[in-house]
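This is what each chain is made of:
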Amino acid sequence: MARRDEIIAYADELLDVASFADYGPQGMQVIGADEVTSIACGVSASRELFERAARAGAQLVLVHHGLFWESEPRVVDARMKGRLKALLDADLTLAAYHLALDAHPEIGNNVLLAQELGVEVERPFDVGVGGVLPRPLAADELAARVAERLGREPLLFDYGPARVRRVAIVSGAAASRLPAAAAQGYDLFLTGEAAEPTMMTARELGIHFLAAGHYATERLGIQALADRLAQRFGLEWRFIDLPNPV
């Protein structure tokens, strides 16, 4: 058992949340029980996630995508009421870590995704990473590796060089970073989702583009964070997988 506030303070410091201007509050978003014995984690806040966390006996829920965003109305509608009720009825604490978790050099979504795909990280790229494949691959070979490791078929715009060596990765919805990846000399840019202009941008800039799934590219970091906290404080943890085709 550990104190909720000590766990949250450690996570905030570990991820250096104060260094990231984000689209919503990071760290604790809803307060629950003072003491924690079990952590549940998932990619995105939802009523189903909270209900399943409660049934699993958790006191703390960690997510990458939290409840509150600057772009959304500040109204407790039916959706928000249901989510808050699930949290409050179970006395669950909710903590969310977004860009800070993407960018972390050890347990971040992007560094872990690079490791999963065999990309050797050289430097940061935006909140992601840039690196190299020790053995250059054709773009469709890397796409097949993505499908195998992430469990979904990626979308490939195959407009770059015959062999891919330099790869930039930014998980989630970062299609707008494609021109920057091309300008920095990367052969392929991998993110979660494509935008409508992405195909023509890739063609005109001569760079490969892989959309591997917003959800699929952001499963690793939240699990690594939960594991780190569980080890630090002697807690149990579990990942609640709610697959999303986006």
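Residues numbered from 1 in each chain as written. Predicted model: local features only at pLDDT ≥ 70, side-chain atom pairs only at ≥ 80, totals over all residues. Heavy atoms only, no water.

Asker: Looking at this model, I keep getting lost on the overall build of the chain. Mind explaining?
Answerer: Within the chain, the secondary structure is distributed over 9 helices and 13 strands. Expected size for 246 residues packed as a compact globule is a radius of gyration near 18 Å; at 19 Å, the chain falls within 12% of this value. If one aligns the C-alpha atoms of the chain with their principal axes, the spans along those axes are about 55 × 35 × 30 Å. Across the 246 residues that make up the chain, the buried fraction comes to 52%. Taking contacts inside the chain between residues at least 6 apart in sequence as the whole, the part at least 24 apart equals 66%. Accessible surface for the chain amounts to roughly 11200 Å². Of this, 49% is attributable to carbon and sulfur atoms. Each charge class in the chain was averaged separately, 24 positive and 34 negative side chains, and the resulting centres sit 2 Å apart. (Helix = DSSP H or I, 4+ residues; strand = E, 2+ residues; numbered from the N terminus. Rg over C-alpha atoms; globule rule 2.2 N^0.38 Å. Buried < 20%, exposed > 50% of the residue type's maximum accessible area, 1.4 Å probe, protein only. Contact = heavy atoms within 4.5 Å. Areas by Shrake-Rupley, 256 points an atom, 1.4 Å probe, with all protein chains shown as cover. Lys, Arg positive; Asp, Glu negative; His and termini not counted. Charge placed at Lys NZ, Arg CZ, Asp CG, Glu CD.)

Asker: What's the story with the sheet that holds strand β6 (residues 93-96) in this structure? I'm lost.
Answerer: If you walk across this open sheet you meet the 5 strands as β2-β6-β5-β4-β13, and the pairing is mixed. Of all strands in the sheet, those with a lone pairing partner are β2 (27-30) and β13 (236-239), marking the two edges. Neighbouring strand axes in the sheet, compared pairwise and without regard to direction, differ in orientation by 30° on average. Packing against the sheet, helix α1 (residues 4-15) makes contact with β2, β5 (60-65) and β6, and its axis sits at approximately 130° to β2. (Pairing = 2+ DSSP bridges. Axes fitted to C-alpha atoms, helices over the stretch in contact; angles between N-to-C directions.)

Asker: How do you make sense of the environment of Glu 122 when you look at a structure like this?
Answerer: Looking at the element boundaries, Glu 122 is found in strand β7 (residues 120-125). Taking relative accessible area as the criterion, Glu 122 reaches 43% and is therefore assigned partly exposed. Put simply, Glu 122 and Gly 206 are 84 residues apart on the chain and 22 Å apart in space, counted from C-alpha to C-alpha. Apart from residues lying up to four places away in sequence, Glu 122 is in contact with Gly 130, Gly 131 and Val 132. Of the polar contacts made by the side chain of Glu 122, one reaches the side chain of Arg 123; its length is 3.5 Å. (Polar contact = N/O pair within 3.5 Å; in protein donor to acceptor, adjacent residues only side chain to side chain.)

Asker: Is there a simple way to explain the nonpolar core in this structure?
Answerer: Soluble globular proteins tend to pack their nonpolar side chains together in the buried interior. By size, the foremost hydrophobic cluster in this structure holds 48 residues, and its most contacted members are Leu 62, Tyr 97, Leu 190, Leu 225 and Leu 229. With 7 residues, the top contributor of residues to this core is helix α9 (residues 220-233). Beyond its immediate chain neighbours, meaning those up to four positions away, Tyr 97 contacts Ile 8, Ala 11, Asp 12, Leu 15, Val 17, Gln 26, Gly 27, Leu 62, Val 63, His 64 and Leu 225. Core analysis: the next-biggest nonpolar cluster, separate from the first, contains 18 residues, Leu 49, Phe 50, Leu 87 and Ile 240 among them. (Core = buried A, V, L, I, M, F, W, Y, C linked by side-chain atoms within 4.5 Å.)

Asker: Would you mind going over the side chain of His 214 with me for this structure?
Answerer: Note on placement: His 214 falls in the loop between β12 (208-211) and α9. Residue classification places His 214 among the buried residues on the basis of a relative accessible area of 16%. At a separation of 2.5 Å, a polar atom in the side chain of His 214 contacts the side chain of Glu 193. What His 214 contacts, discounting residues up to four positions off in sequence, is His 65, Gly 172, Ala 173, Gly 192, Glu 193 and Val 246.

Asker: When you look at the packing of aromatic side chains in this model, what are you seeing that I'm missing?
Answerer: Two aromatic rings, taken as a pair, are described by how far apart their centres are and by the angle between their planes. On inspection of all chains with the given rule, the structure shows 5 aromatic pairs. Grouped by ring-pair contacts, the aromatic residues Phe 125, Phe 157, Tyr 186, Phe 189 and Phe 209 constitute a single cluster. Sitting over the face of the ring of Tyr 186, Arg 166 holds its NZ or CZ atom 4.2 Å from the ring centroid. (Phe/Tyr/Trp six-rings, centres within 6.5 Å; stacked < 30°, edge-to-face > 60°. Lys NZ or Arg CZ within 6 Å of the ring centre and 35° of its normal.)

Asker: Looking at this model, I keep getting lost on helix α2 (residues 47-55). Mind explaining?
Answerer: In an α-helix there are 3.6 residues to a turn, and that puts residues three or four apart on one side. Along α2, the residues classified as buried are Leu 49, Phe 50 and Ala 53. In a view along the axis of α2, the buried residues occupy a sector of 95°, so they form one face of it. Buried residues in α2 make contact with β4 (38-44), β5, α3 (78-89) and β6. Positioned one or two residues after α2, Gly 57 has a phi angle of 85°, which is positive. (Arc of directions from axis to C-beta.)

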